[in-house]
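Each chain is listed here by its residues.
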Amino acid sequence: MYIVKPKQHGPEEVAATCELFGRVEAGLGMTPGTLKIGIMDEERRTSANLKECIRAAMDRVVFINTGFLDRTGDEIHTSFLAGPMLPKAEIKKQPWIKAYEDWNVDMALEVSLPGHGQIGKGMWAAPDAMAAMLRDKIGHPKSGASTAWVPSPTAATLHSIHYHMCYVRDMQQRLKSRSRASLNDLLTIPLLRRKLSDEEIALELDNNCQGILGYVVRWVDMGVGCSKVPDVNNVGLMEDRATLRISSQHIANWLHHGLITEQQVMASMRKMGKVVDSQNSSDPKYVKLDESRIAFQAALKLCFDGRYSPNGYTEFILHSKRRAAKAHSALVQASKL
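Because the structure is a prediction, the values reported are computed rather than measured.

Asker: Quick question: what am I supposed to make of the overall build of the protein chain here?
Answerer: Along its length, the protein chain carries 16 helices and seven strands. Here the protein chain has a C-alpha radius of gyration of 21 Å; the compact-globule value for 337 residues is 20 Å, and the two agree. Each principal axis of the C-alpha atoms in the protein chain carries an extent, and together these give about 60 × 55 × 40 Å. Classification of the 337 residues of the protein chain by burial places 50% in the buried group. Sequence separation of at least 24 residues holds for 76% of the intrachain contacts in the protein chain that already meet a minimum separation of 6. Carbon together with sulfur atoms contributes 55% to the accessible area of the protein chain, which is approximately 16,400 Å² in total. Here the protein chain carries 43 positive and 37 negative side-chain charges, and the mean point of each set is 2 Å from the other.

Here you go:
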């Protein structure tokens, strides 16, 4: 039985997971080692100690996989107090992320994982951009990965073509001779070291608020998790709790370091609420956002309390507000009886 295990911070937590799996097997009378683990390399402490994470699960590990979305959220939260972060688009271009992707492959090759388990890469987050995916995602097998996340069965079928165009075993053999990725680069924090214009700040804030509201209103009101949500430019992108973690942590970080104020966040949320309303106008069950809505309050709480959310995770606030929305809906329905 293969179990994908995300959100593990270092080898101690991987070891705890393996101990739990062993106890489950013993309790259910399963053969020891039945429960296999896929280690999602999504947290800074796991990245830096990835070889020890593999060692902790050496009898169970079936893949290690980068997840650049949650990894970016953790990068912001873990280094929260170091300073304000770069705009999101620039964070992805910094040395740490290439080192992160290469380090994952390097560690897998050093412990001879190929032949015993998979090396995985992250999600293609634009479900409608299949031509671009077919053009670009071949970069994953060329990087040494033998599997990768995709957003749909259609995307999976197209991505499978890449493994006929690139023989991964040969790529892995070539990569064994390269120098290991730099740990210094991996640990280089993507801090903002220039002054942003007021326009740059406003555009980044609007982009974050629109993404947060577009996802949260579906999660809180409808219980819809990972889904395709139009971005501020009406491009459908895959949004999930990982992307929400990035956007909410980014706003919280800029708030903490004084780049923006709570008043600016409120103004942007009101403005972007109207954009999200327009994007959902064809849905007869959609209820427009305003400050009294539980979904709107959830979006604000994710940003204003982001500094103190454990590891920057969004689940606690989302679950609380979803329960509140369901209770409110039940009360409204009962009042009509």
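Moving on, there is more to tell.
Asker: I keep staring at the confidence of the model for the protein chain and nothing clicks. Help me out?
Answerer: Low-confidence regions, as indicated by low pLDDT, have predicted coordinates that should not be scrutinised in detail. Confidence in the prediction of the protein chain, expressed as mean pLDDT, is 95, and 100% of residues score 70 or more. When the elements of the protein chain are averaged for pLDDT, strand S6 (residues 227-230) gives the smallest value, 89, and helix H1 (residues 11-28) the largest, 98.

Asker: For this particular structure, what's the right way to read the nonpolar core?
Answerer: Soluble globular proteins tend to bury their nonpolar side chains together. Formed by 72 residues in total, the largest nonpolar core has its most connected members in Val216, Ile251 and Met269. When residues of this core are assigned to their parent elements, the largest contribution, ten residues, is made by helix H12 (residues 198-222). For Met269, the residues in contact, after removing those within four places along its chain, are Cys209, Ile212, Leu213, Phe296, Ala299, Leu300 and Cys303. Core analysis: the second largest hydrophobic core is formed by seven residues, Trp124, Ala126, Met130 and Ala132 among them.

Asker: Help me understand helix H13 (residues 241-256) in this model?
Answerer: Note that an α-helix has 3.6 residues per turn; residues three or four places apart therefore point the same way. Between its terminal C-alpha atoms H13 stretches 22 Å, which fits the 22 Å expected from 16 residues at 1.5 Å a residue. Most of H13 is tucked away, with 14 of its 16 residues classed as buried. One side-chain oxygen of the residue at the start of H13 lies 3.0 Å from the amide nitrogen of Ala242, identifying that residue as Asp240. Phi turns positive, to about 80 degrees, at Gly258, one or two residues after H13.

Asker: Please clarify how the sheet that holds strand S3 (residues 61-66) should be interpreted in this entry.
Answerer: The strands making up a sheet are joined through hydrogen bonds of the backbone, oriented either antiparallel or parallel. Spatially, S1-S2-S3-S4-S5 is the arrangement adopted by the five strands of the open sheet, whose pairing is parallel. Each edge of the open sheet carries a strand with a single partner, namely strand S1 (2-5) and strand S5 (147-148). In the sheet, strand S4 (residues 118-121) pairs with S5 via two bridges, with the strands oriented parallel. By the bridge assignment, Lys121 is partnered in S5 with Ala148.

The rules behind these values
- Residues numbered from 1 in each chain as written.
- Predicted model: local features only at pLDDT ≥ 70, side-chain atom pairs only at ≥ 80, totals over all residues.
- Heavy atoms only, no water.
- Helix = DSSP H or I, 4+ residues; strand = E, 2+ residues; numbered from the N terminus.
- Rg over C-alpha atoms; globule rule 2.2 N^0.38 Å.
- Buried < 20%, exposed > 50% of the residue type's maximum accessible area, 1.4 Å probe, protein only.
- Contact = heavy atoms within 4.5 Å.
- Areas by Shrake-Rupley, 256 points an atom, 1.4 Å probe, with all protein chains shown as cover.
- Lys, Arg positive; Asp, Glu negative; His and termini not counted.
- Charge placed at Lys NZ, Arg CZ, Asp CG, Glu CD.
- pLDDT = per-residue confidence, 0-100.
- Core = buried A, V, L, I, M, F, W, Y, C linked by side-chain atoms within 4.5 Å.
- Expected span 1.5 Å × (residues − 1).
- Polar contact = N/O pair within 3.5 Å; in protein donor to acceptor, adjacent residues only side chain to side chain.
- Pairing = 2+ DSSP bridges.

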